[in-house]
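Okay, here's what each chain looks like letter by letter:
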Amino acid sequence: MRERIAPAGDATSPANGAAVRVWDPVVRLFHWTVVAACILNLFILDDGDPPHRIVGYVVAGALAVRLVWGFIGTRYARFSDFVPTPSRLARYIAALAKGREPRVLGHNPAGAVMMLALMVLLAGVCLTGWMMGLDAFWGEDWLEKLHETLANAILVLALLHASAALFESWRHRENLVWSMVTGRKRA
């Protein structure tokens, strides 16, 4: 089944504010867990202290659940619904550059690539953080630098992701941040 899309500013979009459930509770809980964890571990908690490690393990667990949910979850949570082919991504980016990108109920192709990149980085941060606690890697500078680099990359991509969500909210006249709270988007 193809996703529902509507061109930006399409006059056929429902004006009555009808909404459909797009983001299920697992997707939203994963999203806000990662947001809170990144804020905590990047800006509040001290590196390597027990609370920092606990938050890291929470993220690892949330990521594992989200990966499974990507195969068995609801329609818009499934990887099969949103992972774009290279040609689909190229078409979307070309349309975006012209200001004619389609509105997508689930993840748009660029957002899907961003989500996958963030998930890979999260997995890398979790793995390197766990490795730093192993005797075999204790005190390894290269591992600490890799962990820090991955964490900083998450920060950069998260800021880009948030900016894109705000831009798309403005462009399509809908609050995407609020939809990640309620789970609903305009039909």
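You'll find the structure just up there.
Calculation notes
- In every chain, residue numbers begin from 1 and rise along the written sequence.
- With pLDDT at 70 or above as the cut-off, local features in this predicted model cover only qualifying residues; side-chain atom pairs require 80 or more to be listed or tallied, and sums for whole chains, interfaces and linings still use all residues.
- Where side-chain values are given, they derive from all heavy atoms of the structure, hydrogens and water being excluded.
- Axes here refer to lines fitted to C-alpha atoms; in helices the fit is confined to the stretch in contact. Angles between the N-to-C directions go from 0 to 180 degrees.
- Secondary structure follows DSSP: runs of H or I at least 4 residues long count as helices, runs of E at least 2 residues long count as strands, and numbering of each begins at the N terminus.
- Working definition: roughly parallel below 35 degrees, roughly antiparallel above 145 degrees, roughly perpendicular at 65 to 115 degrees, and oblique for all remaining angles.
- Crossing handedness is read from the near helix: turned anticlockwise from the far helix by less than a right angle, it gives a left-handed crossing, and turned clockwise, a right-handed one.
- Here, residues are in contact when the closest pair of their heavy atoms is within 4.5 Å.
- N or O atoms closer than or at 3.5 Å make up a polar contact, with two conditions inside protein: a donor-capable atom paired with an acceptor-capable one, and, for residues adjacent in sequence, both atoms drawn from side chains.
- What is meant by a nonpolar core is a set of buried Ala, Val, Leu, Ile, Met, Phe, Trp, Tyr and Cys residues, joined one to another through side-chain atoms within 4.5 Å.
- The buried label goes to any residue with under 20% of its type's maximum accessible area, the exposed label to any with over 50%, and the partly exposed label to all in between, with areas taken from a 1.4 Å probe on protein chains only.
- Working definition: rings of Phe, Tyr and Trp (its six-membered ring) pair if their centres are within 6.5 Å, and the pair is stacked with planes under 30 degrees apart, edge-to-face with planes over 60 apart, and tilted otherwise.
- Residues are grouped as follows: Ala, Val, Leu, Ile, Met, Phe, Trp, Tyr, Cys and Pro are nonpolar; Asp, Glu, Lys and Arg are charged; all remaining types, including Gly, are polar.
- Each reported salt bridge corresponds to a side-chain nitrogen of Lys or Arg within 4 Å of a carboxyl oxygen of Asp or Glu.
- Think of a patch as exposed residues, more than 30% relative accessible area, with no salt bridge, where like charges cluster within 9 Å and nonpolar side chains (Val, Leu, Ile, Met, Phe, Trp, Tyr) cluster within 5 Å.
- Each accessible area is a Shrake-Rupley result for a 1.4 Å probe, and residues are judged covered by the shown protein chains and nothing else.
- Charge assignment: positive for Lys and Arg, negative for Asp and Glu; neither His nor the chain ends contribute.
- Charged groups are reduced to one reference atom each: NZ for lysine, CZ for arginine, CG for aspartic acid, CD for glutamic acid.

Looking now at the packing of helix α2 (residues 50-72) against helix α5 (residues 109-132). The description of two packed helices rests on the angle between their axes and on the distance between the axes. For the pair α2 and α5, the least separation of the axes is 10 Å and the interaxial angle reads 135°. As judged from the angle between their axes, α2 and α5 are oblique. Crossing of α2 against α5: the hand is left-handed. Contacts from G56, Y57, V59, A60, L63, R66 and L67 in α2 reach M115, M119, L122, A123, C126 and W130 in α5.

Take the side chain of R103 next. Along the chain, the position of R103 falls in strand β3 (residues 102-104). Of the polar contacts made by the side chain of R103, one reaches the backbone oxygen of R186; its length is 2.2 Å.

Take the nonpolar core next. Ranked by internal contacts, the top residues of the largest apolar core, which has 22 residues, are F30, M119, L122 and I154. Among the secondary structure elements, those contributing two or more residues to this core are α1 (25-44), α2, α3 (79-82), α5 and α6 (141-172). Apart from the residues within four sequence positions on either side, F30 is in contact with A62, L63, R66, M119 and L122. Among the nonpolar cores identified, the runner-up in size contains seven residues, and V22, V27, A77 and M180 belong to it.

Now for the packing of aromatic side chains. Considering all chains together, one arrives at four aromatic pairs under this definition. Ring centres of F79 and F82 lie 5.7 Å apart, and the angle between their planes is 65°; this geometry places the pair in the edge-to-face category. Of this pair, F79 and F82 both sit in helix α3, three residues apart, roughly one helical turn. Like F82, F79 is buried.

Another point: the environment of R28. Considering the arrangement of structural elements, one finds R28 in helix α1. Given the relative accessible area of 15%, R28 is considered buried. For the pair R28 and A77, spaced 49 residues apart in sequence, the C-alpha to C-alpha distance is 10.0 Å.

This paragraph deals with the packing of helix α4 (residues 86-97) against α5. Remark: α4 packs on α5, axes separated minimally by 8 Å, with the N-to-C direction vectors making an angle of 120°. Accordingly, the angle class assigned to the pair α4 and α5 is oblique. Contacts between α4 and α5 involve R88, L89 and Y92 on the former and, on the latter, P109, A110 and V113. Of the residues that constitute the contact of α4 with α5, the class distribution is five nonpolar, no polar and one charged.

In the Ramachandran plot, R173 falls in the positive-phi region, its phi being about 55° despite a non-glycine side chain. By the secondary structure assignment, R173 is in the loop between α6 and α7 (176-182).

All right, on to the pattern of salt bridges then. A pair can form between side chains of opposite charge whenever their charged atoms are brought close. With the rule as written, the count across this model stands at three salt bridges. Taking the shortest distance from any N to any O, the salt bridge between E101 and R171 comes out at 3.1 Å. In this pair, E101 sits in the loop between α4 and β3 while R171 sits in helix α6, placing the two residues 70 residues apart along the sequence.

A few words now on a negative patch on the surface. A cluster of acidic residues, D46, D47, D49, E140, D141, E144 and E148, forms a negative patch at the surface. Following the sequence through the fold, E144 ends up in helix α6. On the basis of relative accessibility, which here comes to 40%, the residue E144 falls in the partly exposed class.

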